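This is what each chain is made of:
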Amino acid sequence: MYKRSAKEYSLLAITFFTCVSILPFILIRFAQQDWKTATVDLIIALGMASIFSYVYTTRKVDIPSYILACFAVASVVTIIYMKGASHLFWVYPAVIAGHYLFPLRTLIIFSILLMVPLSLSMYQQVDTVLFVTFIVTFAITNVFAFIFAQNVNRQQQALIKKEKFSHLRNQTLELIVSSKYLPDILNSIVISAELEYTNMMCSILLLDNSGNHLLHGAAPSLPDFYNDAIDGIEIGDGVGACGTAAFFGKRVIIEDVSTHPYCTPWLDLQTRAGLGSCWAEPILNSVGKVLGTFAIYHKYKYTPSNRELELIEQFAHLASIAIEKEQANQLIWQQANFDELTGLCNRNMMKEHLKQAIKTANRNKNKVAITLLDLDNFKDVNDRLGHDIGDALLKETAKRIKNCIREVDTVARLGGDEFVIILTDLTEAGDVERVAKTILEQLSLPYHLQDEVIYSSVSAGITFYPDDGTNTDELFKNADQAMYQAMYRAKSQGRNNCCYFTMCMREKVLKRMQLIQDLRNAIKNEEFIIVYQPIVNLRTGLIYKAEALIRWQHPSKGMISPLDFIPLAEETGLIIGISDWMFKKILPLVSKWREIYHSDFQISINTSPIQYQADTGNIKKWVEQLQQDTQISKGIAFEITENLMMENKNELTEILLAIQSAGISISIDDFGTGYSSLSYLQDYQTDYLKIDMSFVQKLSQKSKDKALCEAIIVMAKKLNIKVIAEGIETVEQEQLLRDMGCDYGQGYLFSKPIVADEFEVFLADEFDTLKQNRAFML
């Protein structure tokens, strides 16, 4: 239901309160038996009630207003005629009501109709002074009522305009919130402005992305030839009203286009379009940046009023809200679908492209190839040269890949240093081979970035639809598996490798995933076993040390080799949980065996590079725990690989110093198989070197391995480092190593790795033998 107008409310209020006010007088007149006056009052009340009922039901106000005027004149004149001048006070409410209800002409007629009979009637009933007083007060009442009525009317008109604009604003905001098409919203704003002022034409122009040109936005009332002519106009000082307003960000008013210098170049065009004046308001965003212009045209010379300038400003603000919302939506869409750094599609958009490519392939009965690329050693570039160079490398890589593929193909960045290429409309596998080869060649060329020359390469995995998979997730998994296979090959065959997906890869991945899950359960269920292999003093034959080794007793698969699960545990980070469990089990045994068998007994624990990482490692926690008991700490040796000593040297220094200060020994495991750089032996205080078993197992009197072992032992002696030889299996190997001066030996010749109970028996037997030998000597 529509809201009632102010005039309706006025008529309803006047008639209602007049009717209610007269009712008591009717009762009084009847009580006084003043039948004439009571009848007049009753007629007035019934008349007012009739007008109230008519206005309330029909909502018409013009005819009831005239009827009310005539009825009021007749009623007031009748009452004064019957009751005399003492009832003149009824004139003033009627006058005031007339000023609020009627237009000026009707008001003049109403006043004359009321004034003439009253004057004639009053002239006969009162003296001259009272008559003049009445005339003056009647005139004053009219003047004041007229002034106040006009003020109320102006306020009412302003309120109506404000309500109309608020309605328009709400309509526009509803369109914006509902994400309607921007041209539709701008057209709605323009049409609404033109409906408000029917003698003008409006136009909205939008600033392009370069910020130098204005593009057509909305101008439904302007001729098409005019819109086409100014579409793309360059902004600048003096370039028409719109071009100048956009250039300076300020309002421009041209009252006469035929004489204004800004319009000279377009005078013929504007004359043909029938334009006489133009004023342009810049459309500004929330931070004052120009988004476009809102222009108003007239067919003749025209000077805008303040109200019209206010209007154009309000409409420009509405347009700015719509444009900013559209720009925000575009930005959100851009960020949701494109990589900010390279400008390539991101994972989200790429999946949509792949779905479309699959549909097209099904329709055309051909193939789609998905190629997943990973930059080799990208982390090293970031760490060594900084993220700026890393970002530049990714941008240049994206450009090179795009230059190697067709426009119908898609390249996307998945994140980090991973890219994916979707090759569509393929009929032969050889097409992919040629593209892949070109990409590998282009990405292997040197990059010249910020005065740096960088050499890079990629590992690529390729899979085909529909041969290898039928949905996007399956295809990506396959491409990922092929890429990791290419990365694995890169370690042995060099960089820039490409690998195609095979079903064998899938089986390996499934097996790997199952093994990871089993490994998690193994930590939870404590399915691991610790075995100990004796380390023998080659000079005395006594056991002073042992190496603790982890074994996995799977509940259904049996014993699983450390070679199968330790690399996987390191890759997934599960090595932290496994090593913590192992450390917890070893500490009580160290204390026990040192107390019972030998005060210098020591257990070596293999550690992983993952455990030395500053944020996720656990070695620092171990060291802090061992620092609380120096006797136990002396019974522990951490075995680390020489590769760890070469990597992350700065990060490792602090933790190695903490290990040494806690009295924990450091043993270099598998010595001779890593970088074989000896500088770290000078930088860090190393207690033991363990000669790798690959040298020991081939050891003989005439082998080259003898010279290598001997060189290692001599070097270690010079550096005051003890030497442990691993993998001793024959007496000859033991004798040769003893003759070379090797300190300790470890291998199946002495004992295989055994569980703690068996190892205690082994130690007890040796301890009993040692006591018997000492008793015999005494």
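Residues numbered from 1 in each chain as written. Predicted model: local features only at pLDDT ≥ 70, side-chain atom pairs only at ≥ 80, totals over all residues. Heavy atoms only, no water.

Asks: I keep staring at the side chain of D705 and nothing clicks. Help me out?
Replies: Relative to the helices and strands, D705 is located in helix α26 (residues 704–718). No salt bridge is formed by the buried D705; its nearest oppositely charged neighbour, K698, is found at 5.6 Å. In contact with D705, other than residues within four places in its own chain, are S694, F695, K698 and L699. (Helix = DSSP H or I, 4+ residues; strand = E, 2+ residues; numbered from the N terminus. Buried < 20%, exposed > 50% of the residue type's maximum accessible area, 1.4 Å probe, protein only. Lys, Arg positive; Asp, Glu negative; His and termini not counted. Salt bridge = Lys/Arg side-chain N within 4 Å of Asp/Glu carboxyl O. Contact = heavy atoms within 4.5 Å.)

Asks: Explain the pairing of strand β6 (residues 290–298) to me, please; I cannot follow it from the model alone.
Replies: Among the nine residues in β6, nine count as buried, and that is most of the element. Here strand β1 (residues 201–207) pairs with β6 via six bridges, running antiparallel. The partner of S203 across the bridge, within β6, is A295. The pairing of strand β5 (residues 277–284) with β6 spans eight bridges and is classified as antiparallel. Following the sheet pairing, A280 is matched in β6 by A295. What sits between the antiparallel neighbours β5 and β6 is a turn of five residues, in which G288 has the positive phi angle 90°. (Pairing = 2+ DSSP bridges.)

Asks: Please clarify how the sheet that holds β6 should be interpreted in this entry.
Replies: Taken in spatial order, the six strands make up an open sheet running β3-β2-β1-β6-β5-β4, and their pairing is antiparallel. The open sheet terminates on both sides in strands that have one partner only, identified here as β3 (233–234) and β4 (252–254). In the sheet, strand β2 (residues 213–218) pairs with β3 via two bridges, with the strands oriented antiparallel. Of the residues in β3, the one forming a bridge with L214 is I233. Contacts between helix α7 (residues 182–196) and the sheet are confined to β1, β2 and β6, with β1 contributing the most and set at about 150° to the helix. Sheet strands touched by helix α9 (residues 240–248): β1, β2, β4, β5 and β6. Its angle to β6, the strand with the most contacts, is close to 150°. (Axes fitted to C-alpha atoms, helices over the stretch in contact; angles between N-to-C directions.)

Asks: Hey, could you run me through the packing of aromatic side chains in this one?
Replies: Given two aromatic rings, their pairing is described by the distance between the two centres and the angle made by the two planes. Across all of its chains, the model carries 22 aromatic pairs by this definition. Note on F16 and F52: the rings are 6.0 Å apart at their centroids and 45° apart in plane angle, and the pair reads as tilted. In this pair, F16 is assigned in helix α1 (residues 6–31) and F52 in helix α2 (residues 35–58), connecting sequence segments 36 residues apart. Judged by relative accessible area, F52 falls into the partly exposed class, the value being 27%. Look at W552 and F565: their rings are 5.5 Å apart centre to centre, the planes differ by 85°, and that puts the pair in the edge-to-face class. On the criterion of sequence distance, the pair formed by W552 in strand β15 (residues 543–554) and F565 in helix α18 (residues 562–572) is long-range, its members being 13 residues apart. Chaining the aromatic ring pairs together yields one cluster made of F16, F17, F52 and Y56. (Phe/Tyr/Trp six-rings, centres within 6.5 Å; stacked < 30°, edge-to-face > 60°.)

Asks: Please explain the nonpolar core as it appears in this structure.
Replies: Considering soluble globular proteins, one finds that nonpolar side chains tend to be buried as a cluster. Counting residues in each nonpolar core, the largest one holds 76 residues, and the members touching the most others are Y532, I586, W593, F638 and L737. In terms of residues, this core owes the most to one element, helix α19 (residues 575–596), which gives eleven residues. If you look at the next biggest cluster of nonpolar residues, it comprises 32 residues, including A392, I401, V411 and A460. (Core = buried A, V, L, I, M, F, W, Y, C linked by side-chain atoms within 4.5 Å.)

Asks: Can you help me understand the packing of α7 against helix α11 (residues 306–337) in this one?
Replies: Helix packing geometry: the angle between the two helix axes and the distance between the axes. Contact pair α7 / α11: the axes reach a minimum separation of 10 Å and the direction vectors enclose 170°. Between α7 and α11, the angle is such that the two are roughly antiparallel. For the pair formed by α7 and α11, the contact residues are L182, I185, L186, I189, S192, A193 and E196 on the first element and R307, L311, F315, L318, A319, A322, I323 and E326 on the second. Grouping the constituent residues of the contact of α7 with α11 by class yields eleven nonpolar, one polar and three charged. (Parallel < 35°, antiparallel > 145°, perpendicular 65-115°, else oblique. Nonpolar A, V, L, I, M, F, W, Y, C, P; charged D, E, K, R; others polar.)

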